[in-house]
Amino acid sequence: MSQFGPLILIAIVFYFFLIRPQMKKSKEAKLFREAMKKGDKVVTIGGIHGKILEIKETTVLLEAESKTRFVVERSAVSPEYSTGSGESELAVAASK
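Note that the structure is predicted; figures quoted are calculated from it, not measured.

1. Looking at the nonpolar core
Residues Phe 32, Met 36, Val 42, Ile 52, Val 60, Leu 62, Val 72, Ala 76 and Val 77 constitute the largest nonpolar core, which totals nine residues. Leave out the neighbours within four places in its chain, and Val 42 touches Met 36, Ile 48, His 49, Gly 50, Ile 52, Leu 62, Val 77 and Ser 82.

The following block contains the structure:
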């Protein structure tokens, strides 16, 4: 049994320092994508800044500064750099 002690300790360390934080980050990203509303200002993972004009089941219509419109997947919107604007929960959280 004493042979397995270090192995069990390593497994516990991996869980708390690698697996659990990644699961938390994934959950927050999912909540972010569900909270997006029309009018929020977002940034895609490709670096495109835009304002949400329309939200569908799996896609988002964005308008860039030059009035250019893009259709991107919801998963392509980055929760790390988006701030939102308007009255959605995303905008309220970004203003705090």
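2. Some details on the side chain of Ser 78
Mapped onto the elements, Ser 78 comes out in the loop between β4 (69-73) and α2 (89-94). Look past the residues within four positions of Ser 78 in its chain and what remains in contact with it is Phe 32, Val 43, Thr 44 and Ile 45.

3. As for the sheet that holds strand β2 (residues 49-55)
Taken together, the four strands give an open sheet; going across it, the order is β1-β2-β3-β4, and neighbouring strands pair in antiparallel fashion. Every interior strand has two partners, whereas the edge strands, β1 (41-43) and β4, have only one. The mean inter-strand angle of the sheet, taken between neighbouring strand axes irrespective of direction, is 50°. Where β1 lies against β2, three bridges are found, and the strand directions are antiparallel. The residue of β2 that forms the bridge with Val 42 is Gly 50.

4. Brief notes about the packing of aromatic side chains
Following the criterion strictly, the structure yields one aromatic pair and no others. Between the aromatic rings of Tyr 15 and Phe 16, the centroid separation amounts to 5.1 Å while the plane-to-plane angle is 80°, which identifies the pairing as edge-to-face. A relative accessible area of 35% places Tyr 15 in the partly exposed class. With a relative accessible area of 44%, Phe 16 lands in the partly exposed category.

5. Describing the pairing of β2
Counting the residues in the hairpin turn of β1 and β2 gives five residues, including Gly 47, whose phi is positive at 95°. Bridge count between β2 and strand β3 (residues 59-63): four bridges; the pairing is antiparallel. Considered in β3, the bridge of Glu 54 is made with Leu 61.

6. Here's the deal with unusual backbone geometry
Residue Lys 67 is not a glycine yet carries a positive backbone phi of 65°. Of note, Lys 67 is situated in the loop between β3 and β4. Under the relative-accessibility criterion, Lys 67 is labelled exposed at 61%.

7. Details of the environment of Val 77
Mapping Val 77 onto the fold places it in the loop between β4 and α2. Along the chain, Val 77 and Ile 48 lie 29 residues apart, while their C-alpha atoms are 9.2 Å from each other. Among all residues touching Val 77, those that are not within four sequence positions of it are Phe 32, Arg 33, Met 36, Val 42, Val 43, Thr 44, Val 72 and Ser 82.

8. Quick look at the pattern of salt bridges
Counted by the stated rule, this structure contains two salt bridges. The shortest N-O distance in the salt bridge between Lys 56 and Glu 54 comes to 3.6 Å. Take Glu 54: its relative accessible area is 36%, and that puts it in the partly exposed class. Arg 69 serves as the salt-bridge partner of Glu 63, at 3.9 Å between the closest nitrogen and oxygen. Residue class for Glu 63 comes out buried when judged on its relative accessible area of 17%.

Definitions and limits used
- Residues numbered from 1 in each chain as written.
- Predicted model: local features only at pLDDT ≥ 70, side-chain atom pairs only at ≥ 80, totals over all residues.
- Heavy atoms only, no water.
- Core = buried A, V, L, I, M, F, W, Y, C linked by side-chain atoms within 4.5 Å.
- Buried < 20%, exposed > 50% of the residue type's maximum accessible area, 1.4 Å probe, protein only.
- Contact = heavy atoms within 4.5 Å.
- Helix = DSSP H or I, 4+ residues; strand = E, 2+ residues; numbered from the N terminus.
- Pairing = 2+ DSSP bridges.
- Axes fitted to C-alpha atoms, helices over the stretch in contact; angles between N-to-C directions.
- Phe/Tyr/Trp six-rings, centres within 6.5 Å; stacked < 30°, edge-to-face > 60°.
- Salt bridge = Lys/Arg side-chain N within 4 Å of Asp/Glu carboxyl O.

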